[in-house]
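Understanding the architecture of this molecule
Single-letter residue listing:
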Amino acid sequence: MSAPVKISLPDGSVREMPAGSTPADVAAAIGPGLAKAALAARVDYGAGSELVDLSRPFAGDAQLALVTSRDEADALELARHDFAHVLAEAVQALFPGTQITFGPSTDDGFYYDFDPDARPFTEEDLPEIEAEMRRIIAADKPIRREVVGRDELIAKWRSVGEAFKAEWAGELPEDEELTVYWSGEDWYDMCRGPHLPSTGKLDPAAFKLTRVSGAYWRGDQKNAMLSRIYGTGWLNKKQLDTHLHRLEEAAKRDHRKLGQEMDLFHLQSEAHGSVFWHPKGYLIWRALEAYMRRAIDTAGYKEVKTPQVMDARQWEQSGHWGKYRENMFVIPDEVPNTEDDGPVISGEAEWMALKPMNCPAHVLIFRQGIKSYRDLPLRLYENGCCHRNEPHGALHGLMRVRQFTQDDAHIFCREDQIVEEARAFCALADRIYNDFGFTYAVKLALRPDQRFGADADWDKAEAELREAVVRAGMATDDYGWEELPGEGAFYAPKLEWHLTDAIGRTWQVGTLQSDRVLPERLDASYIAEDGDKHRPVMLHRAIFGSYERFIGILIEHFAGKLPVWLAPVQAVVATIVSDADDYARDVVRQLEAAGIRVEADLRNEKINYKVREHSLKKVPHMLVLGKREAEEGTVALRSMGAEHQKVMPLAEAIAMLRAEATPPDLRLP
RNA sequence: GCCGCUUUAGCUCAGUCGGUAGAGCACAUCAUUCGUAAUGAUGGGGUCACAGGUUCGAAUCCUGUAAGCGGCACCA
């Protein structure tokens, strides 16, 4: 008989329990309420706490914290994982012959990947599956952990036709104990656990199956396409409803929807993946472009413009032809056949390609003439229009397009200038993101498995970028500082700027890559103080990333209610009666003279109608003019988000709008 | 590219069992001159994504193509 175990509880008390006791026993010993509420246990044998099943016997003296629904993070994780298992059980009950694979929890719920017997699942199957899940939850089936032998388990999976499970079981590490979790006595899944004590601990009203999709087995395109069912899962109905409400709110700020409602841009199949910018959308673009030009001018960049189409040999030399050709638009360098019959192109011409990036062209500019060390750093900026033939399934509104314009620059510098240039860029990016009201995280993406260049160069490049962030004072938790192994580009490590938007989503936009490969491949050099040729280092950098995507992010971040300096229409002058028309025209003229983007609405409509319409279009300010205003030379200013209008003299309104319409970088401190 | 779904008026959508299309908004005209989120009436507007097929007859059923949507994979 083993010795009893000493279990310390969070309140400091210690309980002595017989050998073989479990967290469930401790909970029961403390009280029936806790026994009922307990979902799992955090047990610490001195090497850090671990989440385990309530029914898992203690291995020795331990610290114990019982997990209940009040321990939200742990409880959600357990619930979501169990929802996934219940989903799998339900699907196998309803669709015999379906193979099970994986089913993890996600940020808001869970999914499970199946290999269906007959056809992939569709959204029409979801209500039936949900109903079956609720039956399994209502049955309150006990969940039991069982340790099984590897060979026995593999044989078992094989015998019931579960090829994916058998494959996976065979590949788990040799020293790992394999476990299955039983749901009642009639269904089990291989799983590391932990799980809730029974299916009845789940709230049947706290989940919803949301969608189906395809997913590759083990995430690899070469493998079988499985059928994935997604769900969102919570601890109670209130949490679920809150989440569903959040999703609705997020859908309302979808830039594709707002782009249409606000008449900013459109996409159509004849040019899928390329944007038709409407006048109002392009005003946003132009405001950004003007802002960025001021920023780079003062930061010592030189703006350039480079060819859209270049000979394929140039792309071979840069290395892109070999690695990224499948995503490039190639063009035969010949006159197309103009006869009615016969192929348009001969197939024998040399290839050219639309530029997928600006870097090689900037190197070609650098290579013109002889560069001295005195010329460095040379910062070449381009609003670079690039084309990439993206996989069609990847296209998404403004966020992923086939033609886009980068705020792209390449800083050619000496080795000893890298850290300072990178530091200065961190400061520039910080200023710009602040101007747009974004918070952000800085991350360093380290060398990938497949890469160009010597390891020693990678060591150096990574250390330099790290040092630059330290000197910028941003290698701290406040700036979300983090290193990401394996995430770098094939030619360089990169710093990444991840913005957080108004509803907490993150968007990677900014980047800085320290590149020694491309200058070498394209033979860029400068004459140093010693009179010899040296290779410059090339820092690739962008702050918006692309104008298209950044505008998409801005639309979603502000839910269409752009700050006045970016709003395509900054004010509408709307009349209540036609007697005010002449005054309104005068007001519009004065606003225009003050540089305000203003529209007049003199239509014979009720003021309610006008207010509604311009509010829906997210115009920041309305100047409402009736008889009174016309007589007094005032305006009634109705501003988006304000509860009441403010009546003020016209001059005052103009001064106010003018101040608000001033871009943040031009405001007086 | 892969899996599933979708495609009807400028927009949002309805259209039953296969019998040549309908609403609201928008637009035009007329009336209304009104004080902060929809004034009323009248009118015009559609090769039902495209190409084939089945059928006496196709928006509807079948096949293919394209684009869009949700994911997966990809994202220099």
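Cut-offs applied
- Each chain carries its own residue numbering, running from 1 in the direction its sequence is written.
- Chains carry letters from A onward and ligands carry numbers from 1 onward, assigned in written order.
- Where local features are concerned, this predicted model is filtered to residues with pLDDT of at least 70; where side-chain atom pairs are given and counted, the filter is 80 or more; whole-chain, interface and lining totals use all residues.
- The basis for the side-chain values is all heavy atoms of the structure; hydrogens and waters are excluded.
- Only runs of H or I of at least four residues qualify as helices and only runs of E of at least two qualify as strands under DSSP, and these elements are numbered from the N terminus.
- For the exposure calls, accessible area comes from a 1.4 Å probe over protein chains only, and a residue counts as buried if that area is under 20% of its type's maximum, exposed if over 50%, partly exposed in between.
- Here the accessible surface of atoms and residues is derived via Shrake-Rupley with a 1.4 Å probe, and residues count as covered only by protein chains that are part of the display.
- Only four residue types enter the tally: Lys and Arg on the positive side, Asp and Glu on the negative side, with His and both chain ends excluded.
- Note on charges: their place is set at NZ of Lys, CZ of Arg, CG of Asp or CD of Glu.
- Axis geometry follows a simple rule: fit a line to the C-alpha atoms, using only the stretch in contact for helices, then measure angles between N-to-C directions, giving values from 0 to 180 degrees.
- Crossing handedness is defined as follows: a turn of the near helix away from the far one that is anticlockwise and smaller than a right angle gives a left-handed crossing, while the clockwise case is right-handed.
- In what follows, a contact means two residues having at least one pair of non-hydrogen atoms within 4.5 Å.
- In this document the domain limits rely on a domain assignment from an automatic tool or a database.
- For two strands to count as paired, DSSP must find a minimum of two bridges between them.
- The crossover handedness rule: strands pointing away from the viewer, path from first strand over the helix to second strand clockwise, crossover right-handed.
- When an angle is under 35 degrees it counts as roughly parallel; over 145 it counts as roughly antiparallel; between 65 and 115 it counts as roughly perpendicular; any other value is oblique.
- Each residue gets one label: Ala, Val, Leu, Ile, Met, Phe, Trp, Tyr, Cys and Pro are nonpolar, Asp, Glu, Lys and Arg are charged, and the others, such as Gly, are polar.
- Note on terminology: disulfide denotes any pair of cysteine sulfur atoms within 2.5 Å.
- Within the patch definition used here, like charges are joined within 9 Å and nonpolar side chains (Val, Leu, Ile, Met, Phe, Trp, Tyr) within 5 Å, considering only residues with over 30% relative accessible area and no salt bridge.
- Every case where a carboxyl oxygen of Asp or Glu lies within 4 Å of a side-chain nitrogen of Lys or Arg is listed as a salt bridge.
- We call a residue near a molecule or strand when any one of its heavy atoms sits within 4 Å of it.
- Under the rule applied, a polar contact is a pair of N or O atoms within 3.5 Å (in protein, one hydrogen donor and one hydrogen acceptor; residues adjacent in sequence only if both atoms are side-chain atoms).
- Only buried residues count toward a nonpolar core, which is a set of Ala, Val, Leu, Ile, Met, Phe, Trp, Tyr and Cys residues joined through side-chain atoms within 4.5 Å.

Next up on the list: the overall build of chain A. In terms of helices and strands, chain A carries 20 helices and 33 strands. Projecting the C-alpha coordinates of chain A onto the three principal axes gives extents of approximately 90 × 75 × 65 Å. By residue count, 49% of the 669 residues in chain A fall in the buried class. For chain A, the accessible surface area stands at approximately 32,200 Å², while carbon and sulfur atoms represent 50% of it. Taken as two groups, the 81 positive and 109 negative side-chain charges of chain A have centres that lie 4 Å from each other.

Bringing the packing of helix α17 (residues 581-593) against helix α20 (residues 650-661) into the picture now. Running from amino to carboxyl end, α17 crosses α20 at an angle of 35°, the nearest separation of the two axes being 11 Å. As α17 packs across α20, the resulting crossing turns out to be right-handed. Contacts from Tyr583, Val587, Gln590 and Leu591 of α17 reach α20 at Leu650, Ile654 and Leu657.

Our focus in this paragraph is the domain arrangement of chain A. Quoted interface sizes are often the accessible area lost when the parts come together. In terms of domains, chain A is made up of domain 1 (5-68), domain 2 (73-249), domain 3 (303-308 + 355-549), domain 4 (309-354) and domain 5 (571-666). The gap between the C-alpha centroids of domain 1 and domain 3 is 52 Å.

When you tally the buried positions in strand β22 (residues 439-445), you get 6 out of 7 residues, the bulk of the element. In this sheet, strand β23 (residues 482-484) lies alongside β22 in parallel orientation, the contact comprising 3 bridges. Across the sheet, the residue bridging to lysine 443 is glutamate 482, located in β23. In this fold, the crossover linking β22 to β23 by way of helix α14 (residues 455-471) has right-handed handedness.

Each packed pair of helices is defined by two parameters, the angle between the axes and the distance between the axes. At a closest axis distance of 11 Å, the pairing of helix α9 (residues 279-298) and helix α16 (residues 547-557) adopts a crossing angle of 110°. In this view, α9 runs roughly perpendicular relative to α16, as classed from their interaxial angle. Of the two possible hands of crossing, α9 and α16 adopt the one that is right-handed. Together, Ile284, Trp285, Leu288, Glu289 and Met292 of α9 and Tyr547, Glu548, Phe550, Ile551 and Leu554 of α16 make up the contact between the two elements. For the contact of α9 with α16, the per-class residue count stands at 8 nonpolar, no polar and 2 charged.

Further remarks concern the sheet that holds strand β2 (residues 14-17). Adjacent strands of a sheet form backbone hydrogen bonds with each other and so pair up, either parallel or antiparallel. The strand order across the open sheet built from 5 strands is β2-β1-β5-β3-β4, with neighbouring strands paired in mixed fashion. In this open sheet, the two strands that pair with only one neighbour each are β2 and β4 (49-52). When the angles between neighbouring strand axes are averaged without regard to direction, this sheet yields 35°. The pairing of strand β1 (residues 5-8) with strand β5 (residues 62-67) spans 2 bridges and is classified as parallel.

Turning to helix α12 (residues 359-367), a few remarks are in order. Those residues of α12 that fall on the buried side of the exposure criterion are Cys359, Pro360, Ala361, His362, Val363 and Phe366. Backbone geometry just downstream of α12 places glycine 369 in the positive-phi region, at approximately 75°.

Before going further, it helps to spend a moment on the state of the cysteines. Scanning the entire structure with this criterion turns up 0 disulfides. Of all cysteine sulfurs, the one in cysteine 385 lies closest to cysteine 386, which takes part in no disulfide; the gap is 6.7 Å. Given the relative accessible area of 0%, cysteine 386 is considered buried.

To continue, consider a negative patch on the surface. A surface patch of like charges, here negative, comprises Asp151, Glu152, Glu174 and Asp175. Along the chain, glutamate 174 turns up in the loop between α6 (163-171) and β9 (178-183).

The next thing to look at is the pattern of salt bridges. Taken as a whole and judged by the stated rule, the model has 47 salt bridges. It is possible to trace a salt-bridge network through shared partners that takes in Glu415, Lys460, Glu464 and Arg516.

A few words on the protein's contact with RNA strand B. Tyr216, Asn604, Arg612, Glu629 and Gln645 are the nearest of the 52 residues found near RNA strand B. Of all RNA strand B atoms lying within 4 Å of any protein atom, the proportion belonging to sugar or phosphate reaches 48%. The separation between a base nitrogen of RNA strand B and a polar side-chain atom of glutamate 629 is 2.4 Å. Elements with a minimum of two residues in the surface near RNA strand B: β11 (207-216), β12 (225-233), α8 (255-261), α11 (320-324), α18 (607-616), α19 (627-632) and β32 (634-639).

One open sheet accounts for 3 strands, arranged β8-β9-β10; its pairing is antiparallel. The sheet terminates laterally at β8 (143-148) and β10 (187-190), the two strands that pair on one side only. Within this sheet the neighbouring strands show an average axis-to-axis angle of 30°, counted without direction. Where β8 and β9 come together, 6 bridges link them in antiparallel fashion. Bridging across to β9, isoleucine 143 finds its partner in serine 183. Helix α3 (residues 72-94) rests against β8, β9 and β10 of the sheet, and its axis sits at about 125° to β10.

Counting 64 residues, the largest nonpolar core has Phe436, Leu495, Trp497 and Phe544 as the members making the most contacts within it. The element that contributes the greatest number of residues to this core is helix α13 (residues 418-435), accounting for 9 residues. In this view, phenylalanine 544 contacts Leu288, Tyr291, Met292, Asp407, Ile432, Phe436, Val509 and Phe550; residues no more than four positions away in its chain are not counted. The next biggest cluster of nonpolar side chains, apart from the first, holds 49 residues, and it includes Val67, Met133, Leu196 and Leu209.

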